[in-house]
Amino acid sequence: MGRHAGGPASGGPALPKRGRWRLTALLAVVACALALLLAAILADWHSRDGTPHDERAEVGWGFTHTQYSADRGEDTARRTAAKLLTAESLPQNQHIMGWGADNPEPRPGSYNFADLDRRVALMRRSGGTPVLTLCCAPDWMKGGGARTDWSQKSLEKAPDRGHYRDFARLAGVVAKRYPDVHHFIVWNELKGFYDESRKRWDYEGYTELYNLVYEEIRKQRDDVLIGGPYVVMDSNPPDTASNISSLQGPWGIVDQRAVDALEYWNRHKAGADFVVVDGSSYTRDGNRLLPDEFRATRKFADVTAWLRKTTGLPVWWAEWYVEPPDAQDNRAGWTEEHRVAVQAAAMMNMAESGVSAAFYWNPETETGTCPGCLWSSTAVPGGGIRLPMMDLLSRFAREFPPGKEVRRPDVQGDGAQALASRDATVVVNTRDTDVQVRVDGRVVELKGYEVRWLG
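These numbers were taken from a predicted model, which means no experiment stands behind them. (Residues numbered from 1 in each chain as written. Predicted model: local features only at pLDDT ≥ 70, side-chain atom pairs only at ≥ 80, totals over all residues. Heavy atoms only, no water.)

Draft legend 1. Expanded view of the packing of aromatic side chains. Taken as a whole and judged by the stated rule, the model has 23 aromatic pairs. Relative to Tyr-264, the ring of Tyr-203 has its centre 5.0 Å away and its plane inclined at 35°; by these criteria the two rings are tilted. Of this pair, Tyr-203 sits in helix α6 (residues 203-220) while Tyr-264 sits in helix α7 (residues 256-268), and the two are 61 residues apart along the sequence. The class of Tyr-264 is buried, set by a relative accessible area of 18%. Both rings, one in Trp-316 and one in Phe-359, keep their centres 5.6 Å apart while their planes meet at 50°; by these two values the pair is tilted. Note that Trp-316 is positioned in strand β12 (residues 315-321) and Phe-359 in strand β13 (residues 357-361), a separation of 43 residues in sequence. Look at Trp-316 and you get buried, because its relative accessible area is 0%. Each residue in the set Tyr-164, Phe-167, Trp-187, Phe-193, Tyr-206, Tyr-210, Tyr-214 and Trp-265 is aromatic and connected to the rest through ring pairs, giving one cluster. Arg-200 extends its terminal NZ or CZ atom over the ring of Tyr-203, reaching a point 4.2 Å from the ring centre. Lying across the ring of Trp-265, Lys-269 places its NZ or CZ 5.4 Å from the centre. (Phe/Tyr/Trp six-rings, centres within 6.5 Å; stacked < 30°, edge-to-face > 60°. Helix = DSSP H or I, 4+ residues; strand = E, 2+ residues; numbered from the N terminus. Buried < 20%, exposed > 50% of the residue type's maximum accessible area, 1.4 Å probe, protein only. Lys NZ or Arg CZ within 6 Å of the ring centre and 35° of its normal.)

See the structure below:
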């Protein structure tokens, strides 16, 4: 009980009345200053539902660099793309291995950051918030050797448990190398963490890796934000008979195994500044779009609301998809107008539900045609030109940033959806034919699958 040194309880001399008054006044001043400091700190920590968090997690609408991007190609095309990126300054995400980056540590302690340096330099020049996804692992961490096996099966293999700390150390080296990168995502889609014997995710293994990475980066730097688990929120049709969760809607039922993985990570994580997921609006079984491709995008709002309630963290969508893939995982069956219109509907649902960040997976190629790409290929002369999806993404970034109040306008007439803020309204024609609708009383004529900005 003698922890209050110098006070009467410890046998020290009692303070005279004047001394007690001065001490009381001093303590009052200190308490007031601390209260003001705490208020200032909390002013920077907020969420739409009142849950405190670091506002730096509100990075907004951006994209992920994939195998081909604006750091390579024909000189004039690269410069054109670089000017486009600089003009938009969108948040940008890059993986540390794969998707355009070479093996960063081909042998223990021997580093190769040439490709990653080049991608980070591109992000720096364009002025957008840089994000790094800590995936994937060098071959020697997963049973291989110094030679990198770039097959999908090898790339998407998780590190062996005995090398979790090695991967965490690599993450720490990366965090120190790029002091201007403040946002890190741990791993990608739980790749390599599916347990075939138990027919479920090895969320215990992933969470162990996540915690080691989290603690190592925090050891190296105290100015970063870290999140996970980047699980795929797969959904099955409403008539499914297995792995049924309570997270469901007309669009389908989220697989209980994904819910289990996220809830386990949430309970056992060492810490997190945001929660990361990805997913598609179509079902895993049969690629069904329910009730149709536009209304199926309601899934993104419903899942976001569930994530916010379950974790209390800002929600990041690391990837999202609205067009079912073909056998080669390409999404090129829709016209560009159709694709952009459905993407607009998806983003409207995300914005309405309070998403803090969303990264469009930019499917760049080396060819002249590139469905869904943000800019034309820099590998061909005359490339690097902005494409319709860039128009949509960049306009959303300007008009509907995180935290901005949005509403659903009154839309009279069939075939259109709309979202509005105080400054702008976006209207989408969900039909491939012309329609006329009233948006908040204003007559709007839209061509098939047109996306129109008002105000």
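Draft legend 2. Looking closely at the pairing of strand β2 (residues 92-95). Residues Gln-92 and Gln-94 of β2 are buried on one face, and the alternating residues Asn-93 and His-95, pointing to the opposite face, are buried as well. Summarising the sheet, strand β1 (residues 60-64) and β2 pair through two bridges and their orientation is parallel. Residue pairing for β2: Thr-64 is matched across the bridge by Asn-93. Handedness of the crossover joining β1 and β2 through helix α2 (residues 75-88) is recorded here as right-handed. Pairing analysis gives four bridges linking β2 to strand β3 (residues 130-134), with the strands arranged parallel. The partner of Gln-94 across the bridge, within β3, is Leu-132. (Pairing = 2+ DSSP bridges. Right-handed = clockwise from strand over helix to strand, strands pointing away.)

Draft legend 3. Main features of the pairing of strand β10 (residues 252-255). Relative to β10, strand β8 (residues 235-236) runs antiparallel, the two sharing two bridges. Of the residues in β10, the one forming a bridge with Ser-235 is Val-254. Hairpin connection of strand β9 (residues 244-249) to β10: two residues between the antiparallel strands.

Draft legend 4. Here's a closer look at the sheet that holds strand β18 (residues 442-446). Judged by pairing direction, the sheet is antiparallel, and its three strands sit side by side in the order β14-β17-β18 without closing on themselves. Only two strands of the sheet have a single neighbouring strand rather than two, namely β14 (411-412) and β18.

Draft legend 5. The side chain of Gln-343, seen in detail. Within the secondary structure, Gln-343 sits in helix α9 (residues 336-353). Look at Gln-343 and you get buried, because its relative accessible area is 5%.

Draft legend 6. Unusual backbone geometry, seen in detail. Gly-228 connects to Pro-229 through a cis peptide bond whose omega is 0°. Among the secondary structure elements, Pro-229 is positioned in strand β7 (residues 225-232). A cis amide bond, omega -10°, links Leu-290 with the succeeding residue Pro-291. Considering the arrangement of structural elements, one finds Pro-291 in the loop between β11 (274-280) and α8 (298-311). A positive phi angle, near 55°, is found at Lys-199, a position not held by glycine.

Draft legend 7. Just the sheet that holds β8, in detail. Taken together, three strands build an open sheet; the order of strands is β8-β10-β9 and the sheet is antiparallel. Each edge of the open sheet carries a strand with a single partner, namely β8 and β9. Here β9 pairs with β10 via three bridges, running antiparallel. Bridge pairing in β10 places Gln-248 opposite Ile-253. Here α7 sits on the sheet in contact with β9 and β10, set at roughly 45° to β10. (Contact = heavy atoms within 4.5 Å. Axes fitted to C-alpha atoms, helices over the stretch in contact; angles between N-to-C directions.)

Draft legend 8. Molecular detail of the state of the cysteines. Counted under the stated rule, the structure contains two disulfides. For Cys-135, the disulfide goes to Cys-136, at an S-S distance of 2.5 Å. On the sign convention where negative is left-handed, the bridge of Cys-135 and Cys-136, at about 60° about the S-S bond, is right-handed. The burial state of Cys-135 is the same as that of Cys-136; both residues are buried. Sulfur-sulfur distance for the disulfide between Cys-370 and Cys-373 comes to 1.6 Å. (Disulfide = S-S within 2.5 Å.)

Draft legend 9. Seen up close, helix α3 (residues 114-126). Between its first and last C-alpha atoms α3 spans 19 Å; for 13 residues at 1.5 Å apiece the expected length is 18 Å, and the two agree. Of all the positions in α3, only Asp-115, Leu-116, Arg-119, Val-120, Leu-122, Met-123 and Ser-126 are classed as buried. Projected down its long axis, α3 shows its buried positions confined to an angular sector of 150°, all on one face. Against α2, β2 and β3 lie the buried residues of α3. One or two residues past the end of α3 sits Gly-127, with phi positive at roughly 80°. (Expected span 1.5 Å × (residues − 1). Arc of directions from axis to C-beta.)

Draft legend 10. Structural view of the environment of Asp-166. With respect to the helices and strands, Asp-166 occurs in helix α5 (residues 164-177). Distance in space between the C-alpha atoms of Asp-166 and Pro-108 is 8.5 Å, their sequence separation being 58 residues.

Draft legend 11. Representation of the pattern of salt bridges within the structure. Within this structure, the stated rule accounts for 37 salt bridges. Between Asp-166 and Arg-169 there is a salt bridge whose closest N-O contact spans 2.5 Å. Of this pair, Asp-166 and Arg-169 both sit in helix α5, three residues apart, roughly one helical turn. A relative accessible area of 17% places Asp-166 in the buried class. Taking relative accessible area as the criterion, Arg-169 reaches 46% and is therefore assigned partly exposed. Close ionic contact of Glu-204 with Arg-198 constitutes a salt bridge, the shortest N to O distance being 3.9 Å. Given the relative accessible area of 43%, Arg-198 is considered partly exposed. (Salt bridge = Lys/Arg side-chain N within 4 Å of Asp/Glu carboxyl O.)

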